[in-house]
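Each chain, written out:
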Amino acid sequence: MNKFVFLILEKHLIWALLALLCLAGLAVPGFLSARNILNVMWAAAPLGCMVLGLFFVLLTANVDLSLESTFALAPALAVVFFFQGMGLDSYPIVAVLCTLLFGAIAGLVNGLFSVKLRVSSFLVSLGTMLLMRGIVVYLIPEGVYYLPEGYVYLGSAKLFGILPVAVLVWIAIFVLAWLMIDRHRLGKDILALGNNEHAAFVAGVNIERTKIVCFVIAGFLASLGGLLEVGRLESVVADMGQGDIMMVFAGTILGGTALTGGKGNVGGVFAAVLVISIIENLMNLHGVPPSIRQVVFGGVLLVAIYLASLQERLRHARLES
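Residues numbered from 1 in each chain as written. Predicted model: local features only at pLDDT ≥ 70, side-chain atom pairs only at ≥ 80, totals over all residues. Heavy atoms only, no water.

Caption draft 1: Structural detail: the overall build of the protein chain. Looking only at helices and strands, the protein chain has 14 helices and four strands in total. By the compact-globule yardstick of 20 Å for 321 residues, the protein chain fits well, its C-alpha radius of gyration being 20 Å. Projecting the C-alpha coordinates of the protein chain onto the three principal axes gives extents of approximately 65 × 55 × 35 Å. Each of the 321 residues in the protein chain was classed as buried or not, and the buried ones make up 52%. (Helix = DSSP H or I, 4+ residues; strand = E, 2+ residues; numbered from the N terminus. Rg over C-alpha atoms; globule rule 2.2 N^0.38 Å. Buried < 20%, exposed > 50% of the residue type's maximum accessible area, 1.4 Å probe, protein only.)

Caption draft 2: Broad picture of the packing of helix H4 (residues 67–84) against helix H11 (residues 207–233). At a minimum axis distance of 7 Å, the contact between H4 and H11 shows a crossing angle of 60°. Taken together, the axis directions place H4 and H11 in an arrangement best described as oblique. H4 and H11 meet at a crossing whose hand is right-handed. Contacts between H4 and H11 pair Leu67, Thr70, Phe71, Ala74 and Pro75 from the former with Ala218, Gly219, Ala222, Ser223, Gly225, Gly226, Glu229 and Val230 from the latter. Partitioning the contact of H4 with H11 into residue classes produces seven nonpolar, five polar and one charged. (Axes fitted to C-alpha atoms, helices over the stretch in contact; angles between N-to-C directions. Parallel < 35°, antiparallel > 145°, perpendicular 65-115°, else oblique. Left-handed = near helix turned anticlockwise from the far one by under 90°. Contact = heavy atoms within 4.5 Å. Nonpolar A, V, L, I, M, F, W, Y, C, P; charged D, E, K, R; others polar.)

Caption draft 3: Spotlight on the environment of Val80. In this structure, Val80 sits in helix H4. Taking the C-alpha atoms as reference points, Val80 and Ile140, separated by 60 residues in sequence, lie 8.0 Å from one another. With residues up to four places along the chain from it excluded, the contact list for Val80 reads Leu139 and Ile140.

Caption draft 4: A look at helix H7 (residues 149–156). Listed as buried for H7 are Tyr151, Val152, Gly155 and Ser156. All buried residues of H7 project into a common sector of 110° when viewed along the axis, lining one side. Tucked inside the fold, the buried residues of H7 contact helix H3 (34–59), H4, helix H5 (92–116), strand E2 (158–159), helix H8 (165–183) and H11. (Arc of directions from axis to C-beta.)

Caption draft 5: Examining a nonpolar patch on the surface more closely. Together, Leu101, Ile105, Val109, Phe113, Leu117, Val119, Phe122, Leu123, Leu126 and Leu130 line one region of the surface with nonpolar side chains, adding up to about 890 Å² of accessible area. Residue position: Leu130 is located in helix H6 (residues 121–139). Since its relative accessible area comes to 56%, Leu130 is described here as exposed. (Patch = residues over 30% accessible without salt bridge, like charges linked within 9 Å, V, L, I, M, F, W, Y side chains within 5 Å. Areas by Shrake-Rupley, 256 points an atom, 1.4 Å probe, with all protein chains shown as cover. Salt bridge = Lys/Arg side-chain N within 4 Å of Asp/Glu carboxyl O.)

Caption draft 6: View of the environment of Val109. Here Val109 lies in helix H5. Taking the C-alpha atoms as reference, Val109 lies 18 Å from Leu97; in sequence the two are 12 residues apart.

Caption draft 7: Structural view of the packing of H3 against H8. H8 packs onto H3 with a crossing angle of 25° between their chain directions and a minimal axis gap of 8 Å. If you check the angle between H3 and H8, you find them roughly parallel. Our pair here, H3 against H8, has a crossing hand that is left-handed. Along the contact surface, H3 presents Leu38, Met41, Trp42, Ala44, Ala45, Gly48, Cys49, Leu52, Phe55, Phe56 and Leu59, while H8 presents Ala166, Val167, Trp170, Ile171, Ile173, Phe174, Ala177, Met180 and Ile181. Tallied by class, residues from the contact of H3 with H8 come to 19 nonpolar, one polar and no charged.

Caption draft 8: Representation of the pattern of salt bridges in the model. Summed over the entire model, instances satisfying the criterion amount to five salt bridges. Two residues, Lys116 and Glu208, come together in a salt bridge whose shortest N-O distance is 2.9 Å. Here Lys116 is found in helix H5, whereas its partner Glu208 is found in helix H11, with 92 residues between them in sequence. Residue classification places Lys116 among the partly exposed residues on the basis of a relative accessible area of 48%. For Arg118, the salt bridge goes to Glu208, with nearest N and O atoms at 3.8 Å. Taken as a pair, Arg118 in the loop between H5 and H6 and Glu208 in helix H11 lie far apart in primary sequence, 90 residues in all. Judged by relative accessible area, Arg118 falls into the exposed class, the value being 67%. Of the residues examined, Glu208 reaches a relative accessible area of 28% and is grouped as partly exposed.

The values are spatial; any link to function lies outside them.
Below, the structure is given as C-alpha cells:
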C-alpha cells in the first residue's frame, strides 16, 4: 500500500473524512457561508463537551453512560434551586458555577462507586443515568422557559452579533484538554494506565485517583455542555440530551479513541464532532425527515466502529513490518 495512503488511513482518517464532507457540501447552496459554518459549530459545542468528557473516561478503559443525564440534571438542579431560593436573576454567575459543580459531583459519584467499590463503570453509569434522568423529570416535568440572560449568556450570546460565545468556549476547552493530555503529567498518567494499568502502578501512577479525576472531568464537561445547550434553547427541558449518548460514543470512537483505553487524541475527537455536526447540517439543508436521520446516525456509529477496527489493524501491521 502506498505510504501516504497508509499514513492517512492510520492516523488522519477523520480529517480526510472531514475534508470529503466539506467537498460534498460545495454542491449545497449556502453550506460554506460563514453564517452556516458558525451555526454548525454553535450546534456542535454542547455535543463536543460530552464527547470530550467521554474521551477522558475511555482513555482509562472505563465508560460513562450517564453523561447524557448529567447534561440535563446539572442545569435543572441549578435552575430549580436558584428559582426557589436565592433568585436566578440576582446571582446568575453563582448559578453557572453551581451547574458546573453539580456536574463534577455527578462525575465524582460515578468515579467513587466504580473505582472504590470495584464495580463495572458500565453498570454504575447505567444506573446513575436512569437515576438522574428520573430526578430531572421529577424536578421539571414541563421544563423551565425564559431563563435570565445572565444564566444563558455562554450558550446564547454572540460577540459583535456574529460569533457565538459557545464556539469560543468549545475551542478553549479543547485547547486546554490538548495541553492536559500532551503536556501535563496528568495526561501521561491517564495514557499510561489505559495502556497497561499494572505497569503504570509500578511506575508510580496513582491509579484510583487518576480514574476518579477523569470521571470528575467528564461530569464537569457534560454539565458545561448542558449549560451551552440551555443557552442555545434559552430553556431547560426534561428530555434534553436523552438518547445522545450513542452519538457521544460515535464521536469519541470516530475520533480514534480506543475502547480498550490508552489511545486517542484530542484533535481527532474535535474533528469527529465536526463530522457529525456537518452530516446533521447537510441533512437539514436537504430537508431529510427525522426518521431517516436516525438511520443515518446509526450508520455513522457502525462506520465509526469499523474505522476504529481498521486503524487498529493498520497499527499492528506497521508494528509487525
